Amino acid sequence: RFIFNWRKYASDKIVYPHFKNLIPLFKKYWSLFTSFLNEIDLDLNVQLCDITYVNHIDRGDGWDSIDELHNVFPSLSGFQENSLKALSLRTVASIPDSEQSMIMNIDHATRQSDDQEIIVFSITSRAITQSYSAQELLDIFSEGQQNIVAKFESFTSSGMHQFWGKRERSIEDD
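Just so it is clear, the model here is predicted, and its values are computed rather than measured.

A. Looking closely at the pairing of strand S2 (residues 88–94). Of all 7 residues that make up S2, 0 are buried, and the element is exposed over most of its length. The pairing of S2 with strand S3 (residues 100–111) spans 7 bridges and is antiparallel. Residue pairing for S3: Leu 89 is matched across the bridge by Ile 106. Connecting S2 to the next strand, S3, in antiparallel fashion are 5 residues, including Asp 97 with a positive phi near 60°.

Here it is in structure tokens:
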């Protein structure tokens, strides 16, 4: 397995590490990884590529109780007030005109680091592949990232987009 991870911590003073800014680092570490495999005479057999975005939405950021999650996710409206006690939602769907599938999870949780009540909203784009060149993998990841951003924007409310200071942009911005 080759895992390339990034995240923004609340204490970070730096700008969020957008996808396009991470491409050079991915290429560097992928090259090191494949060189290492060559040195020890192991074959590379890539079968699956995932790109996942994990978002923590704190209680108080658009929702104060689990019954208000429709403020964040409009498609979750329709529950009778005070009826929703817990939430764990998982969807898996193929992406039209693509070799990729989309996995979306929404879970009501408590973050261990600060005991904060949160909604964990994760979106994964997954592709089965036989490719192993850095550029071919980046193409898969780029398509996945575009699908994730589109799904995030379509599934969350415009009110939350305003709350987060989200601006109109092209996919390449992220």
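Once you've had a look at it, read on.
B. Broad picture of helix H2 (residues 134–155). Here H2 contains 22 residues, and its C-alpha end-to-end distance of 31 Å stays within 8% of the 32 Å for a straight helix at 1.5 Å per residue. The set of residues buried in H2 consists of Leu 137, Leu 138, Ile 140, Phe 141, Gly 144, Gln 145, Asn 147, Ile 148, Val 149, Phe 152 and Phe 155. At its buried positions, H2 is contacted by helix H1 (19–39), strand S1 (48–58), S3, strand S4 (116–128) and helix H3 (158–163).

C. Summary view of the pattern of salt bridges. For the structure on display, the rule yields 4 salt bridges. The partner of Arg 126 in a salt bridge is Asp 50, and the shortest N-O contact between them spans 2.7 Å. Here the residue Arg 126 occupies a position in strand S4, and Asp 50 occupies one in strand S1, the gap between them amounting to 76 residues. On the basis of relative accessible area, Arg 126 is assigned to the partly exposed category, the value being 29%. On the basis of relative accessible area, Asp 50 is assigned to the partly exposed category, the value being 34%. Between Arg 111 and Asp 114 there is a salt bridge, and its shortest N-O distance comes to 3.0 Å. Look at Arg 111 and you get buried, because its relative accessible area is 17%.

D. Fine view of a nonpolar patch on the surface. A cluster of nonpolar side chains, Leu 25, Tyr 29 and Leu 32, forms an exposed patch at the surface whose accessible area comes to about 270 Å². You can see Leu 32 is positioned in helix H1.

E. Highlighting the side chain of Thr 129. Within the secondary structure, Thr 129 sits in the loop between S4 and H2. Given a relative accessible area of 10%, Thr 129 falls into the buried group. Ignoring sequence-local partners within four residues, the contact set of Thr 129 consists of Val 46, Gln 47, Leu 48, Cys 49, Leu 137 and Ile 140.

Criteria and thresholds
Along each chain, the written sequence defines residue order, and numbers are assigned to residues from 1. Per-residue local features are limited, in this predicted model, to residues with pLDDT of at least 70; the limit for side-chain atom pairs, both in listing and counting, is 80 or more; totals at the level of whole chains, interfaces and linings are taken over all residues. Side-chain metrics in this entry use all non-hydrogen atoms of the structure; hydrogen atoms and water are not considered. Residue exposure (1.4 Å probe, protein chains only): buried if accessible area is under 20% of the type maximum, exposed if over 50%, otherwise partly exposed. Only DSSP runs of H or I with at least four residues qualify as helices, and only runs of E with at least two residues qualify as strands; both kinds are numbered from the N terminus onward. DSSP bridges decide pairing: two strands pair if at least two such bridges lie between them. Here the expected length of a helix is defined as 1.5 Å per residue gap, with one fewer gap than residues. In what follows, residue pairs with any heavy atoms lying within 4.5 Å of each other are defined as contacts. Take a side-chain nitrogen of Lys or Arg and a carboxyl oxygen of Asp or Glu: if they are within 4 Å of each other, that pair is a salt bridge. Within this analysis, patches are made of residues with over 30% relative accessible area and no salt bridge. Like charges are joined at 9 Å or less; nonpolar side chains (Val, Leu, Ile, Met, Phe, Trp, Tyr) at 5 Å or less. The Shrake-Rupley method, run with a 1.4 Å probe sphere, supplies the accessible areas, and residue values consider only the shown protein chains as cover.

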